[in-house]
Amino acid sequence: MGNAVNAPKDVRTVELDETDRRIVSLLSADGRLANVDLAAALGVAPSTAHARVRSLLERGVITGFHASIDQRTLGTGLQAVIGVTLRPGSRQENITAFSEEVRRLPQVIQVFFLGGADDFLVHVAADGSAALREFVVEHLSAQSSVASTRTSIVFDYHRNVVAAAFD
C-alpha cells in the first residue's frame, strides 16, 4: 500500500485496452506468472507481453508484486481491524505522525486513512488475544493523539484481486 496520507491527488484514470485488462487480471490472480506463460495466455509474443507489462508499470497501473501470506503459518493467526479516532486539534500533524508510527509496527498488515467516523483502520495480526490487547493498549491507545479505538476480530475474509472495473 502506498503512503495514503501523502498520496498524490492528481491520479488520472488510465485507458486500458482488452490486452491490458487481461494482463491485469492474469497477474492479479498469479503475480508469479512467467512472461512466456503470460504471452501464451494472451496469444502474443513474449517480447510483446514484456513490453505491455512494462508499460502498465510505467503508467502506474501495476504498482508492485506481492506474496499473499497465511498468517497462521507464522503463528500470528488472530487478525483484527481496529478503528482509530484521533483527538481534535493539530489534525494534519497528528494524522501524519500517527500514520508514520503505526506503519513501522511489525504486527500491522495494512493501514487505511479514512473519511468517516474513524480516522484510520489498522489491520493487524497477533499470536493471540493477549498480544492483540497489548498492541492496542501499548501502541494505539498510548499515543496522545488517539481519542478512541474500536477492535473487530476477523473470523474470515475474501480478497478480490481486482475490483470489478472491467465489465
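One can find the structure itself at the top, above this paragraph.
Keep in mind the model is a prediction, meaning the values are calculated, not measured. (Residues numbered from 1 in each chain as written. Predicted model: local features only at pLDDT ≥ 70, side-chain atom pairs only at ≥ 80, totals over all residues. Heavy atoms only, no water.)

> Would you mind going over the overall build of the protein chain with me for this structure?
Check the secondary structure of the protein chain and you find five helices and four strands. Among the 167 residues that make up the protein chain, the fraction classed as buried is 28%. Long-range pairs, those at least 24 residues apart, make up 67% of the contacts in the protein chain with a sequence separation of at least 6. (Helix = DSSP H or I, 4+ residues; strand = E, 2+ residues; numbered from the N terminus. Buried < 20%, exposed > 50% of the residue type's maximum accessible area, 1.4 Å probe, protein only. Contact = heavy atoms within 4.5 Å.)

> Even after reading the chapter, I still don't get the sheet that holds strand β4 (residues 146-154), so can you show me in this structure?
Remark on secondary structure: sheet strands pair via backbone hydrogen bonds, oriented parallel or antiparallel. Read from one edge of the open sheet, four strands run β2-β3-β1-β4, paired in antiparallel fashion. Strands with a single pairing partner mark the edges of an open sheet, and in this sheet they are β2 (108-113) and β4. Across the sheet, the mean angle separating the axes of adjacent strands is 20 degrees when strand polarity is ignored. In the sheet, strand β1 (residues 78-86) pairs with strand β3 (residues 120-126) via seven bridges, with the strands oriented antiparallel. Bridging from a neighbouring strand, L78 pairs with A126 of β3. (Pairing = 2+ DSSP bridges. Axes fitted to C-alpha atoms, helices over the stretch in contact; angles between N-to-C directions.)

> What is the right way to read the packing of helix α2 (residues 35-42) against helix α3 (residues 46-58) from this model?
A packed helix pair is summarised by two numbers, namely the angle formed by the two axes and the spacing between the axes. Running from N to C, α2 and α3 point in directions that differ by 100 degrees, and their axes come no closer than 8 Å. If you check the angle between α2 and α3, you find them roughly perpendicular. Of the residues in α3, those in contact with N35, V36, L38, A39 and L42 of α2 are P46, A49, H50 and V53. Its residues assigned to classes, the contact of α2 with α3 comprises seven nonpolar, two polar and no charged. (Parallel < 35°, antiparallel > 145°, perpendicular 65-115°, else oblique. Nonpolar A, V, L, I, M, F, W, Y, C, P; charged D, E, K, R; others polar.)

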